[in-house]
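Chains, contacts and geometry: an overview
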Amino acid sequence: MMAKTGMLLMAAACAALSIPHEKVKGPEGFGWTKHERIPRDELLGFTIALKHTDAQKAWLKETIDAVSDLHNARYGQYLSMQDIAEKMGAAKEKSDAVLTAFTGAGFTGVELLPARDFARAYATHAVAAEFFKTEFCRWESSRNVSITRACSPFYHLPQNIAGAIDIVGGLINFPLATHGAKMAVRANAGAGNSIDTLRHLYNMVDVRPLTKQSTTCFAQLADEWYSPDDLQEFLRRESPSQVGQVIAKKIGPWHPGRDGVIPNLASQYLTAMGNGVETWVWSNPKLVKNDIPWLEFLSNLSSIAEAPFVMSISYGEGQNTLTRDYVERCNIETQKIGLRGITVVVASGDWGANCQDNKYAPYFPAYLPYVVTVGGTMWCTPESSVGFFSGGGFADWYPRPKWQETVVNEYLKKTTVNTTLFNAAGRAYPDVSACGFADICYGSDCEMGLVGTICATPIFSAIIGLFNDMRFYSGRPPLGFVTPALYAAYARNVGAFNDVTTGGTFGCDGRWKGFEATTGWDPTSGLGTPNYWLLLAELMAFPAA
């Protein structure tokens, strides 16, 4: 009896002992200013990423690589959300221990998400501060965006559950203060590229879906929304045959009347360039002021059974205010998403090579290996690389995948860029490009035309949606994690992409001194922009599952 009591006391003592868990660089140096502590009764929300075993991570990587490898017998044999949860979910004793610890500390709404490797919990500032051993403050960015985060750059977790948790979202990871790929800059009035111009540019005039199976979706990760009325006005002026096509499915909350530039542009170009492909919208619930959009988006997507086949995301963040553990967990989630046959298309960011501290700082999530990263071209008729409206470069934390070795090595052999400014062995981006200059949308002060990768991303996403439609029509599976296939298509027929060979991006030595455009792949426009029918022919040549 005494021995049992001693063991219980020891377990209680271990649960009470907290240890440091995750630490971020000081956000003050990257556009964020700390202000007052928030009220003690303010509600906070947390997304808890449960740790995967090494065996789980190895299985995931081996499987996503196999189903995305054109020469593998398992190509296109995707898994369901439930199948992946069975393989990647946390062991019940570990998830139960985490849920019990949060509930016992006074958190409310504690739940394990269907993916079984994420949990959610809510608490007042007073309860959260005691649990994580840090107070919470109001932070404001250089663009007057206000969020709530921990006052300190680190937090603690109880020792008895720390080993079961990767990260806790809503504490120390910060979005980019200047909005990164979200940036939208007006072009001159009347200089816009119409939908008809873009269809001719990419050799896809009169292309329409042949099935009703293909779906595309745009993400609203900030507190802004698309306008259904503006979408109809855009279609009336730019693609009259589509008037009446609406966003077919809304996932997440909906707040009409609070429309913004980014979702308006995404909804309009994704719908019009898809020319009949079904379009969805995905919104994050914004219940608290310490929400962390990327982690919430990925955890929700990994937990929903019915998901779109293409996810277009025009948001990005800087790496300097994110922890490596946070980034790696997002990388794992993109692998899980690709394994379901979903293509994740992201913007390459803005500001060119992105010079910080005399180094080229890569954009997140543009450099993740399991996404398609889209750069933006300038003028568009003809197309050239963009000085600071399109990002590109090399990952610090991820090695170059084998499927881009040949083309990237060719670039590195001929570039004159100082390779000490970046990790020349890293995953290179963007993969492809589309027009990123003076795309016109309607509503939210964007009628004069916008520039940046926010324009390019939904255009390329819509084209992937049309490619999926043709694959469905012929009995093939969706493209899923399509990036290796794009490089394979280029190797078989360079004409599948329109090479962008003029221009360059900003760097540490001033204008146009970042990465230069050249023949073949380069960090300004990737493989180039799509030549629809030639690229489709290559993607249709890939095997059926």
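Structure shown above.
Cut-off values and rules
- Residues numbered from 1 in each chain as written.
- Predicted model: local features only at pLDDT ≥ 70, side-chain atom pairs only at ≥ 80, totals over all residues.
- Heavy atoms only, no water.
- Salt bridge = Lys/Arg side-chain N within 4 Å of Asp/Glu carboxyl O.
- Helix = DSSP H or I, 4+ residues; strand = E, 2+ residues; numbered from the N terminus.
- Buried < 20%, exposed > 50% of the residue type's maximum accessible area, 1.4 Å probe, protein only.
- Axes fitted to C-alpha atoms, helices over the stretch in contact; angles between N-to-C directions.
- Parallel < 35°, antiparallel > 145°, perpendicular 65-115°, else oblique.
- Left-handed = near helix turned anticlockwise from the far one by under 90°.
- Contact = heavy atoms within 4.5 Å.
- Nonpolar A, V, L, I, M, F, W, Y, C, P; charged D, E, K, R; others polar.
- Disulfide = S-S within 2.5 Å.
- 1 Å grid on protein atoms, 1.4 Å probe; cavity = no way out; pocket = protein on both sides within 12 Å on 5 of 7 lines; lining within 4 Å.
- Points joined across faces, edges and corners; volume = space filled by probe spheres on them.

This next bit is on the pattern of salt bridges. Enumeration over the complete set of coordinates arrives at 21 salt bridges. When the shortest N-O distance is used, the salt bridge between K92 and D96 registers 2.7 Å. Note that K92 and D96 are positioned in helix 4 (residues 92-104) at a spacing of four residues, about one turn of the helix. Since its relative accessible area comes to 58%, K92 is described here as exposed. Among the charged side chains, a salt-bridge network with shared partners connects K51, D117, D166, R329, E333 and K336.

In this section: the packing of helix 2 (residues 54-67) against helix 11 (residues 324-338). Viewed as axis vectors pointing N to C, helix 2 and helix 11 meet at an angle of 45°, and their least axial separation amounts to 10 Å. Considering the angle they form, helix 2 stands oblique to helix 11. With respect to the hand of their crossing, helix 2 and helix 11 are arranged in left-handed fashion. When helix 2 is examined against helix 11, the residues K57, L60, K61 and I64 are found in contact with a partner set consisting of I332, Q335, K336 and G338. Class assignment for the residues of the contact of helix 2 with helix 11 results in three nonpolar, two polar and three charged.

Before going further, it helps to examine the state of the cysteines. The full count for this structure, using the stated rule, is three disulfides. Covalently, C137 is tied to C151 through a disulfide, its sulfur atoms 2.0 Å apart. Between C137 and C151, the disulfide has an S-S torsion of 100° and is therefore right-handed. With C137 in strand 6 (residues 136-141) and C151 in the loop between strand 7 (146-150) and strand 8 (154-158), this residue pair connects regions lying 14 residues apart in the sequence. Note on cysteine connectivity: C355 is disulfide-linked to C508, with sulfurs 2.0 Å apart. Across the S-S bond of C355 and C508 the torsion is about 105°, and the bridge reads as right-handed. Remark: C508 occurs in the loop between strand 27 (497-498) and strand 28 (529-530) and C355 occurs in strand 17 (residues 355-356); sequence separation between them is 153 residues. When its relative accessible area of 34% is taken as the criterion, C355 is described as partly exposed. There is no disulfide at C455, and the cysteine sulfur nearest it, in C435, is 7.3 Å away. Its relative accessible area of 0% is what places C455 among the buried residues.

We now examine the layout of surface pockets. Its boundaries defined by the atoms lining it, the largest pocket holds a volume of some 670 Å³. For the largest pocket, the lining is made up of 32 residues, of which D65, P401, K402, W403 and P484 are closest to its centre. Going through the elements one at a time, helix 2, helix 11, strand 22 (393-399), helix 12 (405-414) and helix 14 (483-492) are the ones with two or more residues in the lining of the largest pocket. At six residues, the largest contribution of residues to the lining of the largest pocket is made by helix 2. Residue composition of the lining of the largest pocket, by class: 18 nonpolar, seven polar and seven charged.

On their own, these measurements won't tell you what the molecule is for.
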